[in-house]
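Take a look at the letters that make up each chain.
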Amino acid sequence: MTVEKNKNSDCFKVAVRCRPLSNIEIQDGRDSVVSVNSQRGEILIKPNNDPAERLIIFTFDEVLGPDTQQDTVYQSIAYPIVESALEGYNGTIFAYGQTGTGKTHTIQGKNDPICERGIIPRSFEHIFRSIKGTSNTQFLVYASFIEIYNEEIRDLLSNNSKHLQLREKPETGVFVKDLTSFLVQNEQELNNKFMQGIQNRIVGQTKMSSCSSRSHSIFSVTIEKCEVLNGESHVKVGKLNLVDLAGSERQSKTQATGSRLKEAVHINLSLSTLGNVISSLVDPKATYIPYRDSKLTRILQDSLGGNTKTAMIANIGPADYNCDETISTLRYAHRAKSIQNHAQINEDPKQALIKKFQDEISSLKQQLSGL
Ligand code: ADP
Ligand code: MG
């Protein structure tokens, strides 16, 4: 008998999404150099659309062409990860790519029309629809939202613009100290928190004259689930990170000077460290993984080669003038294909809030009965 091994793509999946040519690109007479064979998971690039140029073919776990709707992206990439988070696994979805290729469209989308919603609002609906359908199980759902800009961490759910620091404890791993975390009761509350965070992000960026394409954002939803089995309660905790990365374009194109250059160095630090972490993880000779070299990779450490089900979505544009950046994104994503994650259900972790609340309730009950 042959035993089929768990496919690695269950724990680390790399997908590519190619957006359509924009109206401006069409008006400018731009050609598409990208074609897609979704069935075979292939992306084909014809550099300069020159018949003499060699066709470059990349294969990925999933390839989503320009006609792919938001719902299909959710079903094929996000749905399995959110289902796993509801069972107590950690899950991360991150969008990587050049500015203007559809990272924010994919992760966040637009609320109007409703079919344009991205992965984040769809995951909220998914989580609360699943929770409603269960009995004999208690759930706690809480959310936090950060931005990393110039290697500084900002809490998007707080009015305090203080920069937050990273800390590490053996039982929790790396965490953001003093980060606001909101308990939410339903989809609407979660949506409100998300919208509030987006608004804070825009206000902060206006104050600092920065822009979202230069910062990374991470929206995290933690789902704690308490089931009673044979009279004993068991808590499972799944944490979902939904990440919209800064634009990956090379610096020469943006012609940075002064403070912009400082930004660029930092953005490159986080993104280039992400690249170095990916390279080390897939290099059998590597003895060290440089997670500690940037805030982003420290926070996402578990998502890269660790205890998380991760999907990386590489966003690309099809137009000829972006060909070099597109190939560079595809090469980056291609390297990540060999990352091995080992996800397991987080059962009865010491830091589970639900356990603390239950203990408090039973001690209050005891105090009341003693009155
Ligand atoms: P990024 O976050 O990577 O900088 P955006 O998500 O802001 O890029 O997308 C740039 C523009 O392209 C936006 O106007 C967005 O609505 C549009 N766009 C991106 N992806 C798609 C897509 N798959 N279909 C239609 N429009 C898209
Ligand atoms: Mg964006």
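None of the values given here were measured: they were computed from a predicted structure.

Caption draft 1: Representation of the overall build of the protein. In terms of regular secondary structure, the protein is built from ten helices and 15 strands. Relative to a compact globule of 371 residues, whose C-alpha radius of gyration would be 21 Å, the protein shows 22 Å and is just as compact. Based on the C-alpha atoms only, the size of the protein along its principal axes is roughly 85 × 60 × 50 Å. Within the protein, the fraction of its 371 residues that count as buried is 39%.

Caption draft 2: Structural detail: the site of ligand 1. Inspection of the region around ligand 1 gives 14 residues, with Arg19, Gly102, Lys103, Thr104 and His105 positioned closest. Considering each element in turn, the shell around ligand 1 owes the most residues, three residues, to helix α3 (residues 103-107). Of the residues belonging to the shell around ligand 1, the class tally is one nonpolar, eleven polar and two charged.

Caption draft 3: Expanded view of the packing of helix α2 (residues 70-87) against helix α4 (residues 119-132). At a minimum axis distance of 10 Å, the contact between α2 and α4 shows a crossing angle of 45°. On the basis of the axis angle, α2 is oblique to α4. The crossing of α2 and α4 is right-handed. Facing Tyr74, Ala78, Val82 and Leu86 of α2, the residues of α4 in contact are Ile119, Arg122, Ser123, His126, Ile127 and Ser130. Looking at side-chain class alone, the contact of α2 with α4 contains six nonpolar, three polar and one charged residues.

Caption draft 4: How the structure looks around the packing of α4 against helix α5 (residues 187-208). Closest axis-to-axis distance for the α4/α5 pair is 9 Å, and the angle between their directions is 155°. Classified by the interaxial angle, the pair formed by α4 and α5 is roughly antiparallel. The hand of the α4/α5 crossing is right-handed. When α4 is examined against α5, the residues Ile120, Pro121, Phe124, Glu125 and Phe128 are found in contact with a partner set consisting of Glu187, Leu190, Asn191 and Phe194. For the contact of α4 with α5, the residue count by class is six nonpolar, one polar and two charged.

Caption draft 5: Representation of the sheet that holds strand β3 (residues 42-45) within the structure. Here we have three strands laid out as an open sheet, ordered β2-β3-β4, and antiparallel in their pairing. Each edge of the sheet is formed by a strand with only one pairing partner; in this case those strands are β2 (34-37) and β4 (56-59). Taken pair by pair, the neighbouring strands of this sheet meet at an average axis angle of 20°, ignoring direction. Here β3 pairs with β4 via four bridges, running antiparallel. Across the sheet, the residue bridging to glutamate 42 is threonine 59, located in β4. Contacting β2, β3 and β4, helix α9 (residues 323-336) crosses the sheet at an angle of about 150° to β3.

Caption draft 6: How the structure looks around the pairing of β2. Residues Val34 and Val36 of β2 are buried on one face, while the alternating residues Ser35 and Asn37, pointing to the opposite face, are not. Both β2 and β3 contribute to a ladder of four bridges, which runs antiparallel. Residue valine 36 lies in a different strand from β3, and its bridge partner there is isoleucine 43. Taking the residues that link successive antiparallel strands as the turn, the β2-β3 hairpin has four residues, and the phi of glycine 41 there is positive, at about 65°.

Caption draft 7: Main features of the confidence of the model for the protein. Across the protein, pLDDT averages 88, with 91% of residues at or above 70. For residues 1-6, every residue scores under 50 in pLDDT, and the model assigns this stretch zero contacts once sequence neighbours within four places are set aside. Both scores are given for the predicted complex: the pTM is 0.91, the ipTM 0.99.

Caption draft 8: Representation of the environment of glutamine 39 within the structure. Relative to the elements of secondary structure, glutamine 39 occurs in the loop between β2 and β3. Classification of glutamine 39 as exposed rests on a count of 7 C-beta atoms within 10 Å. When the C-alpha atoms of glutamine 39 and leucine 55 are compared, they prove to be 19 Å apart, with 16 residues separating the residues in sequence.

Caption draft 9: Layout of the nonpolar core. By size, the foremost hydrophobic cluster in this structure holds 75 residues, and its most contacted members are Val16, Ile93, Met312, Ala314 and Ala333. Element by element, the count of residues in this core is highest for α2, at eight residues. Each residue touching alanine 333, except ones within four places of it in the same chain, is listed here: Val14, Val16, Phe60, Tyr96, Met312 and Ala314.

Caption draft 10: Main features of α2. Taking 1.5 Å as the rise per residue, α2 with 18 residues should run 26 Å; its terminal C-alpha atoms sit 24 Å apart, in good agreement. Taking the largest bend as the criterion, α2 deviates by roughly 50°, centred on alanine 78, and proline proline 80 comes between one and four positions later. When we look at burial in α2, the residues that qualify are Val73, Tyr74, Ile77, Ala78, Ile81, Val82, Ser84, Ala85 and Leu86.

Caption draft 11: Representation of the pairing of strand β8 (residues 152-155). Sheet topology note: the strand β7 (residues 137-149)/β8 ladder contains four bridges and is antiparallel. Along β8, the bridge assignment pairs isoleucine 148 with isoleucine 153. The pairing of β8 with strand β9 (residues 163-164) spans two bridges and is classified as antiparallel. Bridging from a neighbouring strand, isoleucine 153 pairs with leucine 164 of β9.

Caption draft 12: Spotlight on the environment of isoleucine 198. With respect to the helices, strands and loops of the structure, isoleucine 198 is situated in helix α5. As for isoleucine 198 and aspartate 10, which are separated by 188 residues in sequence, their C-alpha atoms are 31 Å apart.

Reading the values: rules and limits
Once a new chain begins, its residue numbering starts again from 1 and follows that chain's sequence as written. The naming scheme follows written order: chains are lettered A onward, ligands numbered 1 onward. Note on the predicted model: pLDDT of at least 70 is required for a residue's local features to be given, and 80 or more for side-chain atom pairs to be given and counted; whole-chain, interface and lining totals, by contrast, use all residues. Secondary structure counts use DSSP, requiring at least four H or I residues in a row for a helix and at least two E residues in a row for a strand, with both numbered from the N terminus. Based on C-alpha atoms, the radius of gyration is set beside the globule rule, defined as 2.2 Å times the residue count to the power 0.38. Note on burial: count the other C-beta atoms lying within 10 Å of the residue's C-beta; 20 or more is buried, 12 or fewer is exposed, in between is partly exposed, and C-beta positions come from the backbone. Near, as applied to residues and a molecule or strand, means the residue's backbone-placed C-beta atom lies within 6 Å of it. When residue character is reported, Ala, Val, Leu, Ile, Met, Phe, Trp, Tyr, Cys and Pro are called nonpolar, Asp, Glu, Lys and Arg charged, and the others, Gly included, polar. With axes taken as lines fitted to C-alpha atoms, and helix axes fitted only over the stretch in contact, angles between N-to-C directions fall between 0 and 180 degrees. An angle below 35 degrees is read as roughly parallel, one above 145 as roughly antiparallel, one from 65 to 115 as roughly perpendicular, and any other as oblique. Crossings are classed by handedness, with left-handed meaning an anticlockwise turn of the near helix from the far one by less than a right angle and right-handed meaning a clockwise turn. What counts as a contact here is a pair of residues whose C-beta atoms, placed from the backbone, lie within 7 Å. Two strands pair if DSSP finds at least two bridges between them. Each residue carries a pLDDT score, the predictor's confidence in it, ranging from 0 to 100. The term nonpolar core refers to a set of buried Ala, Val, Leu, Ile, Met, Phe, Trp, Tyr and Cys residues connected through C-beta atoms within 7 Å. For a helix, the expected span equals 1.5 Å multiplied by the residue count minus one. What the bend at a residue measures is the angle between two axes, fitted to the seven residues ending there and to the seven starting there.

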